[in-house]
Amino acid sequence: MTRKQTLIRAISMLEQLPQDEEVKAVQKTLQELADDLPVTGWDEKTIFDTVEQFFLDHGRYPNAKEFESRGLPSHPTIANRFGMTVVEFLDIFYPQRLDFVRRSTRKYKAHPKEYWLGIFKEQMEKHQIRTASEYNHKRTDGPGWAYIAHLFGLSNWNCLLSYAGLQIPQKPAPKERTPFTVSRRINHSDLKTLKQIQEQIRQCMLPK
């Protein structure tokens, strides 16, 4: 049984318990963990299908760095399956991706670079952004931060922040966590099921 299958089994066992707020919260957390686990057993067909699905979901092909994130095979997986790097894999099987890159940046050349720097400042303040990846994910206008940095000859995120005269907003204080308590409605049989679930989770989180 894989780690993902173990989590799914634990979720199924939880469904046998009275569905109070605590049980639902645990189910939700376990489902998020299951969704985050990568696909196992990558073969060539699955890899190609996943890249094509990425294109359908995002309207473009992934770049090499995105093969480090969830949902796509890792760099070692590509090397093992195809005997090449991710960049070589993309160049050979998806050369058309470069057309999408050129088309996506063409629209930004209609404005001077100072305009995009203003958009960058506006987006940072509007969304209270703290990291480079968060900027690209949360922004609702303008290109990614790397394109704006390139316009001004800047090499990284911190240089762009300094050039724009911006400071990272303070991270909000963590909320006080509510201790987990067992509902009074859970009987002896339920407690036995909970122990089984805890053991399933413990086995799931053990390193391979």
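One can find the structure itself at the top, above this paragraph.
Residues numbered from 1 in each chain as written. Predicted model: local features only at pLDDT ≥ 70, side-chain atom pairs only at ≥ 80, totals over all residues. Heavy atoms only, no water.

A. Expanded view of the environment of Gln53. Position of Gln53 among the secondary structure elements: in helix 3 (residues 44–58). For the pair Gln53 and Gly71, spaced 18 residues apart in sequence, the C-alpha to C-alpha distance is 9.9 Å. (Helix = DSSP H or I, 4+ residues; strand = E, 2+ residues; numbered from the N terminus.)

B. Expanded view of the packing of helix 7 (residues 113–127) against helix 10 (residues 157–164). At their nearest, the axes of helix 7 and helix 10 sit 11 Å apart, and the two run at 100° to each other. In terms of orientation, helix 7 and helix 10 fall into the roughly perpendicular class. Along the contact surface, helix 7 presents Leu117, Phe120, Lys121 and Met124, while helix 10 presents Trp157, Leu160, Leu161, Tyr163 and Ala164. Of the residues in the contact of helix 7 with helix 10, the class split is 8 nonpolar, no polar and 1 charged. (Axes fitted to C-alpha atoms, helices over the stretch in contact; angles between N-to-C directions. Parallel < 35°, antiparallel > 145°, perpendicular 65-115°, else oblique. Contact = heavy atoms within 4.5 Å. Nonpolar A, V, L, I, M, F, W, Y, C, P; charged D, E, K, R; others polar.)

C. Region of interest: the pattern of salt bridges. This model, assessed by the stated rule, comprises 2 salt bridges. The residue Glu134 makes a salt bridge to Lys138 at a minimum N-O spacing of 2.8 Å. A residue pair is termed a helical-turn pair when its members lie 3 or 4 positions apart in one helix, as Glu134 and Lys138 do in helix 8 (residues 132–138) at 4 residues. The exposure class assigned to Lys138 is partly exposed, which follows from its relative accessible area of 35%. (Salt bridge = Lys/Arg side-chain N within 4 Å of Asp/Glu carboxyl O. Buried < 20%, exposed > 50% of the residue type's maximum accessible area, 1.4 Å probe, protein only.)

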